[in-house]
Amino acid sequence: APMRWFAPVREETRNGVRILRAWGTAKPNRHLTGRIANYLSYFASATLAAFRVGPTDVVVTLTDPPIVALIAIATARMRGAKLVFLCQDVFPEVIRLLEGFQNRYVEAVLAAISRLTVRRADRIIALGDTMKRRLVETKQADPAKIVIVHNWADARAIVPGPKDNPFTRQHGLVEKFVVMHSGNVGMSQDVDALLDVAEALQDLPDVVIAIVGEGSRKRHLQADAERRHLSNVRFFPYQPKALLNESFASADVFIVSLKRGLAGYIVPSKLYGILIAGRPFVAAIEADSEAAQIARDHECGIAVEPGDRDGIAAAIRRLYGDPALREHLAVNARAAGLTYDRERAIESYRNVFNELCR
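Rules and cut-offs
Residues numbered from 1 in each chain as written. Predicted model: local features only at pLDDT ≥ 70, side-chain atom pairs only at ≥ 80, totals over all residues. Heavy atoms only, no water. Helix = DSSP H or I, 4+ residues; strand = E, 2+ residues; numbered from the N terminus. Buried < 20%, exposed > 50% of the residue type's maximum accessible area, 1.4 Å probe, protein only. Contact = heavy atoms within 4.5 Å. Areas by Shrake-Rupley, 256 points an atom, 1.4 Å probe, with all protein chains shown as cover. Lys, Arg positive; Asp, Glu negative; His and termini not counted. Charge placed at Lys NZ, Arg CZ, Asp CG, Glu CD. Salt bridge = Lys/Arg side-chain N within 4 Å of Asp/Glu carboxyl O. Axes fitted to C-alpha atoms, helices over the stretch in contact; angles between N-to-C directions. Parallel < 35°, antiparallel > 145°, perpendicular 65-115°, else oblique. Nonpolar A, V, L, I, M, F, W, Y, C, P; charged D, E, K, R; others polar. Expected span 1.5 Å × (residues − 1). Pairing = 2+ DSSP bridges. Arc of directions from axis to C-beta. Phe/Tyr/Trp six-rings, centres within 6.5 Å; stacked < 30°, edge-to-face > 60°. Core = buried A, V, L, I, M, F, W, Y, C linked by side-chain atoms within 4.5 Å. Left-handed = near helix turned anticlockwise from the far one by under 90°.

A. Summary view of the overall build of the protein. Tallying secondary structure elements over the protein gives 14 helices and twelve strands in all. In terms of principal-axis extent, the alpha carbons of the protein reach across some 65 × 45 × 45 Å. Looking at the protein as a whole, 49% of its 358 residues qualify as buried. Taking contacts inside the protein between residues at least 6 apart in sequence as the whole, the part at least 24 apart equals 71%. On the protein, roughly 17500 Å² of surface is accessible, and the fraction owed to carbon and sulfur atoms is 54%. Both charge centroids of the protein, one from 48 positive and one from 40 negative side chains, sit 8 Å from each other.

B. Spatial organisation of the pattern of salt bridges. Summed over all chains, the structure comprises 23 salt bridges. Here R133 makes a salt bridge to D288, at a shortest N to O gap of 3.4 Å. One end of the pair, R133, is in helix 5 (residues 129-139); the other, D288, is in the loop between strand 11 (281-284) and helix 11 (290-298), with 155 residues separating them in the sequence. According to the relative accessible area criterion, R133 is partly exposed, its value standing at 33%.

C. Layout of the packing of helix 12 (residues 309-320) against helix 13 (residues 323-339). With their axes 6 Å apart at the nearest point, helix 12 and helix 13 run at an angle of 100 degrees to one another. With respect to each other, helix 12 and helix 13 are oriented roughly perpendicular. Counting all contacts with helix 12, which are made through R318, L319 and Y320, the residues of helix 13 involved are P323, L325, R326 and L329. When grouped by side-chain class, the residues that make up the contact of helix 12 with helix 13 number five nonpolar, no polar and two charged.

D. Representation of helix 2 (residues 68-79) in the model. Helix length check: helix 2, at twelve residues, gives a terminal C-alpha distance of 17 Å against a target of 16 Å (1.5 Å per residue), a fit within 8%. Listed in full, the buried residues belonging to helix 2 are V68, A69, I71, A72, I73, T75 and A76. The first or second residue beyond helix 2 is G80, which carries a positive phi of 65 degrees.

E. Up close: the sheet that holds strand 5 (residues 123-126). Read from one edge of the open sheet, four strands run 3-4-5-6, paired in parallel fashion. Single-partner strands in this sheet number two, and they are strand 3 (58-62) and strand 6 (146-148). Here the average twist between neighbouring strands, direction ignored, is 25 degrees. Relative to strand 6, strand 5 runs parallel, the two sharing three bridges. Bridge pairing links I124 to I146 in strand 6. Strand contacts of helix 14 (residues 342-357): strand 3, strand 4 (82-86), strand 5 and strand 6, with the helix running at about 170 degrees to strand 5, the strand carrying the most contacts.

F. Representation of the environment of L135. Looking at where L135 falls in the secondary structure, it is placed in helix 5. Note: C-alpha distance between L135 and Y265 (130 residues apart in sequence) is 8.8 Å.

G. Layout of the sheet that holds strand 11. Spatial strand order, 9-8-7-10-11-12: six strands in an open sheet with parallel pairing. The open sheet has two free edges, formed respectively by strand 9 (233-236) and strand 12 (301-304), since each of these has just one partner strand. In this sheet, adjacent strand axes meet at a mean angle of 25 degrees when their direction is disregarded. Of the pairings in the sheet, the one linking strand 10 (residues 253-257) to strand 11 comprises four bridges and is parallel in character. If you follow S257 over to strand 11, its bridge partner there is A284. The strands touched by helix 8 (residues 218-227) are strand 8 (207-212) and strand 9; relative to strand 9, the strand with the most contacts, the crossing angle is about 150 degrees.

H. How the structure looks around helix 14. The end-to-end C-alpha separation of helix 14 is 23 Å, in line with the 22 Å expected for 16 residues at 1.5 Å each. Every buried residue of helix 14 is listed here: A345, Y349, V352 and L356. One face of helix 14 carries all of its buried residues, which in axial projection span an arc of 55 degrees.

I. Highlighting the packing of aromatic side chains. All told, the structure shown has six aromatic pairs when counted by the stated rule. Plain terms: the ring middles of F177 and Y320 are 5.2 Å apart, the flat faces sit at 85 degrees to each other, and that makes the pair edge-to-face. Of the two residues, F177 is situated in strand 7 (residues 177-182) and Y320 in helix 12; the sequence distance between them amounts to 143 residues. The exposure class assigned to F177 is buried, which follows from its relative accessible area of 6%.

J. Representation of the nonpolar core within the structure. Grouped together as the largest cluster of nonpolar side chains are 50 residues, with contacts concentrated most on I124, M131, L135, L271, Y272, L275 and F281. Ranked by the residues each element gives to this core, the list is headed by helix 10 (residues 270-276), at five residues.

K. Representation of the packing of helix 7 (residues 192-200) against helix 12 in the model. Helix 12 packs onto helix 7 with a crossing angle of 55 degrees between their chain directions and a minimal axis gap of 9 Å. One finds that helix 7 runs oblique with respect to helix 12. As for how helix 7 packs across helix 12, the hand of that crossing is right-handed. On helix 12, the residues that touch D192, A193, D196, V197 and A200 of helix 7 are R309, I312, A313, I316 and R317.

As structure tokens, this is what we get:
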């Protein structure tokens, strides 16, 4: 293919919408220096893109990269637009609770940016009640400005499917009881617990712990599983959207986890795909987290304390030995997923923007 000239901002049109795409480096996020390089390069590119934006009614800024909010604040003021702060996660608390990212100077800068954005925003979108409470308690956010819009999954793209499908046949999983972690294999999830759980379940030879996805902890987990001779742990690459139905249908049970202290600062978006796929889950997560609340309120999962290896293993054993319970939770999961469907979320965002413009 011919070499393309580098452009810090690329322009394209999709479905009649003009899109300006900012550029950033893609250095590994395992170290603070790599993450900072990614943030700064994207910040510079997004600043250039901001000057090319035409008349604007609403400016929406996400929380990651956290410094991009500064551009959003300036653009909203320059264009006389309303500012919406969409909190997918909360900084600097997320960085503070992850290994290897502690730096008081970086934390101070991110905390100042976060508080400034909360003050300047006309609306703040939180992903759930716990995140709203965290924003009020730690950022002094005005509760009247906060609107809760949950993450979602597309009910038309993901549907409950049969266990016997091309994915399970290809990987020899048709006759296995598959306990799946799907998505980012990173530092916010307690993925190391999966290996301890696998070791505790070795007396059940048809149980497989399937770790699907990529992330900073994957290589470490693979090496540790090999060192511990855990033959009941299988690793799979990230699955493209076209194969999500098959990979989700291969799971009998999903695992959703977060390290202690992260509830409300991060909401695992993978949960909504699990629900819409009609699969039960074990939530190793704090009791006030969105995942644990959904498990209890909709009776579609089993919640245990974060890091509780014995509790996770016991929940899996219970589901393994009780097909009727699995079916009950699965039916409830699909019903719950429909309340978090993509179309409902889009309507919620539309209402927020329309209300601001009025």
